[in-house]
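The residues making up each chain are set out below.
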Amino acid sequence: DVQLQASGGGLVEPGGSLRLSCTASDFTFDDYAIGWFRQAPGKVREGVSCISSSGGSTYYADSVKGRFTISRDNAKNTVYLQMNSLKPEDTAVYYCARRRWDFRLHMATTSESEYDYWGQGTLVTVSS
(Lines give C-alpha, C1' and ligand atoms only; values in the text may rest on other atoms or scores of the structure.)
Protein backbone atom coordinates (compact mmCIF):
# COMPACT_ATOMS: atom_id res chain seq x y z
CA ASP A 1 0.00 0.00 0.00
CA VAL A 2 1.08 3.62 -0.46
CA GLN A 3 3.24 4.67 2.47
CA LEU A 4 4.97 7.90 3.50
CA GLN A 5 7.33 8.03 6.47
CA ALA A 6 8.52 11.31 7.96
CA SER A 7 11.66 11.31 10.10
CA GLY A 8 14.42 13.56 11.40
CA GLY A 9 12.58 15.53 14.04
CA GLY A 10 13.97 16.28 17.46
CA LEU A 11 14.87 18.97 19.96
CA VAL A 12 16.85 21.97 18.73
CA GLU A 13 17.71 25.37 20.18
CA PRO A 14 16.39 28.58 18.60
CA GLY A 15 18.56 29.52 15.64
CA GLY A 16 19.53 25.92 15.03
CA SER A 17 18.86 23.61 12.09
CA LEU A 18 17.24 20.27 11.35
CA ARG A 19 16.72 18.27 8.18
CA LEU A 20 13.53 16.27 7.86
CA SER A 21 13.14 13.35 5.46
CA CYS A 22 10.06 11.86 3.84
CA THR A 23 10.57 8.40 2.38
CA ALA A 24 7.89 6.93 0.13
CA SER A 25 7.02 3.44 -1.08
CA ASP A 26 4.53 1.52 -3.25
CA PHE A 27 3.94 4.19 -5.87
CA THR A 28 5.83 5.77 -8.74
CA PHE A 29 7.50 8.44 -6.68
CA ASP A 30 8.71 10.69 -9.47
CA ASP A 31 5.14 11.07 -10.83
CA TYR A 32 3.93 12.93 -7.74
CA ALA A 33 4.46 16.23 -5.98
CA ILE A 34 5.11 16.02 -2.23
CA GLY A 35 4.18 18.55 0.44
CA TRP A 36 5.16 19.28 4.02
CA PHE A 37 2.59 20.37 6.61
CA ARG A 38 2.80 21.04 10.33
CA GLN A 39 0.48 21.14 13.31
CA ALA A 40 1.39 22.86 16.55
CA PRO A 41 -0.30 21.82 19.81
CA GLY A 42 -3.85 23.16 19.94
CA LYS A 43 -3.67 24.64 16.43
CA VAL A 44 -4.91 23.66 12.99
CA ARG A 45 -2.60 22.04 10.50
CA GLU A 46 -0.94 24.42 8.05
CA GLY A 47 0.95 24.02 4.82
CA VAL A 48 4.70 24.57 4.92
CA SER A 49 6.19 23.67 1.55
CA CYS A 50 5.65 21.67 -1.61
CA ILE A 51 7.84 20.40 -4.42
CA SER A 52 6.79 19.22 -7.87
CA SER A 53 7.45 15.71 -9.12
CA SER A 54 10.58 16.75 -11.00
CA GLY A 55 11.73 19.24 -8.39
CA GLY A 56 11.38 22.12 -10.84
CA SER A 57 8.68 23.99 -8.91
CA THR A 58 8.53 24.76 -5.19
CA TYR A 59 6.25 26.59 -2.79
CA TYR A 60 6.90 27.99 0.68
CA ALA A 61 4.59 29.49 3.24
CA ASP A 62 5.48 33.08 4.06
CA SER A 63 6.30 32.08 7.63
CA VAL A 64 9.19 29.85 6.51
CA LYS A 65 10.34 31.50 3.28
CA GLY A 66 14.06 32.18 3.34
CA ARG A 67 14.64 29.75 6.23
CA PHE A 68 13.41 26.39 4.90
CA THR A 69 14.42 24.60 1.70
CA ILE A 70 12.59 21.66 0.15
CA SER A 71 14.34 19.23 -2.18
CA ARG A 72 13.97 15.70 -3.47
CA ASP A 73 16.07 12.75 -4.56
CA ASN A 74 13.84 10.65 -6.77
CA ALA A 75 16.42 7.86 -6.96
CA LYS A 76 16.00 7.44 -3.20
CA ASN A 77 12.22 8.02 -3.12
CA THR A 78 12.87 10.79 -0.61
CA VAL A 79 11.89 14.43 -0.10
CA TYR A 80 13.81 16.61 2.33
CA LEU A 81 12.99 19.73 4.30
CA GLN A 82 16.07 21.63 5.44
CA MET A 83 15.05 23.93 8.29
CA ASN A 84 17.44 26.71 9.30
CA SER A 85 17.18 29.62 11.74
CA LEU A 86 14.53 27.76 13.67
CA LYS A 87 12.18 29.66 15.96
CA PRO A 88 10.05 28.47 18.89
CA GLU A 89 6.95 29.03 16.75
CA ASP A 90 8.24 26.33 14.37
CA THR A 91 7.53 23.74 17.07
CA ALA A 92 5.02 21.26 15.63
CA VAL A 93 4.47 17.79 14.31
CA TYR A 94 5.60 17.84 10.69
CA TYR A 95 3.81 15.67 8.14
CA CYS A 96 4.63 14.84 4.55
CA ALA A 97 1.89 14.05 2.06
CA ARG A 98 1.42 13.03 -1.56
CA ARG A 99 -0.29 15.46 -3.90
CA ARG A 100 -3.13 13.98 -5.97
CA TRP A 101 -2.36 12.77 -9.49
CA ASP A 102 -4.78 15.21 -11.12
CA PHE A 103 -2.72 18.13 -9.76
CA ARG A 104 0.59 16.81 -11.07
CA LEU A 105 0.90 19.54 -13.72
CA HIS A 106 -0.21 22.37 -11.44
CA MET A 107 2.04 24.84 -9.68
CA ALA A 108 3.21 23.62 -6.27
CA THR A 109 0.84 24.58 -3.44
CA THR A 110 -0.18 23.23 -0.02
CA SER A 111 -3.97 23.17 -0.20
CA GLU A 112 -4.89 20.09 1.86
CA SER A 113 -7.71 19.07 -0.48
CA GLU A 114 -5.09 18.41 -3.15
CA TYR A 115 -3.33 15.69 -1.09
CA ASP A 116 -4.43 12.07 -0.79
CA TYR A 117 -1.90 10.16 1.37
CA TRP A 118 -0.29 11.29 4.61
CA GLY A 119 2.56 10.06 6.76
CA GLN A 120 2.49 9.74 10.54
CA GLY A 121 4.58 12.84 11.18
CA THR A 122 7.72 13.68 13.12
CA LEU A 123 7.93 16.04 16.10
CA VAL A 124 10.12 19.14 15.96
CA THR A 125 10.65 21.04 19.20
CA VAL A 126 12.48 24.38 19.17
CA SER A 127 13.36 25.42 22.70
CA SER A 128 16.25 26.56 24.85
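Scroll up to find the structure.
About the thresholds
- Here the residue numbering is sequential within each chain, running from 1 through the sequence in written order.
- The predicted nature of this model means local features are confined to residues of pLDDT at least 70 and side-chain atom pairs, given and counted, to a pLDDT of 80 or more, with totals for whole chains, interfaces and linings taken over all residues.
- To obtain the side-chain values, all non-hydrogen atoms of the structure were used and water was disregarded.
- Helix and strand assignments follow DSSP, with helices taken as H or I runs no shorter than four residues and strands as E runs no shorter than two, numbered in order from the N terminus.
- Contacts: residue pairs with any heavy atoms within 4.5 Å of one another.
- In this description, a nonpolar core means a group of buried Ala, Val, Leu, Ile, Met, Phe, Trp, Tyr and Cys residues linked to one another through side-chain atoms lying within 4.5 Å.
- Burial classes: relative accessible area under 20% of the type maximum marks a residue as buried, over 50% as exposed, and values in between as partly exposed (1.4 Å probe, protein chains only).

**Quick look at the environment of alanine 97**
Argument step 1. Here alanine 97 is to be found in strand 9 (residues 92-99).
Argument step 2. Distance in space between the C-alpha atoms of alanine 97 and glutamate 46 is 12 Å, their sequence separation being 51 residues.
Argument step 3. Discounting chain neighbours no more than four positions away, the residues touching alanine 97 are Leu4, Ala33, Ile34, Gly35, Phe37, Tyr115, Tyr117 and Trp118.

**Structural notes on the nonpolar core**
Argument step 1. Counting residues in each nonpolar core, the largest one holds 30 residues, and the members touching the most others are Trp36, Phe68, Val79, Leu81, Met83 and Tyr94.
Argument step 2. Elements with a contribution of two residues or more to this core: strand 1 (3-7), strand 3 (18-25), strand 4 (34-39), strand 5 (46-51), strand 7 (68-73), strand 8 (78-83), strand 9 and strand 11 (122-126).
Argument step 3. The biggest single contributor to this core is strand 3, with 4 residues.
Argument step 4. Contact partners of leucine 81, with chain neighbours within four places excluded, come to Leu18, Arg19, Leu20, Trp36, Val48, Ser49, Phe68, Thr69, Ile70 and Tyr94.
Argument step 5. Listed in part, the 6 residues of the second largest apolar core include Phe37, Cys50, Ala108 and Tyr115.

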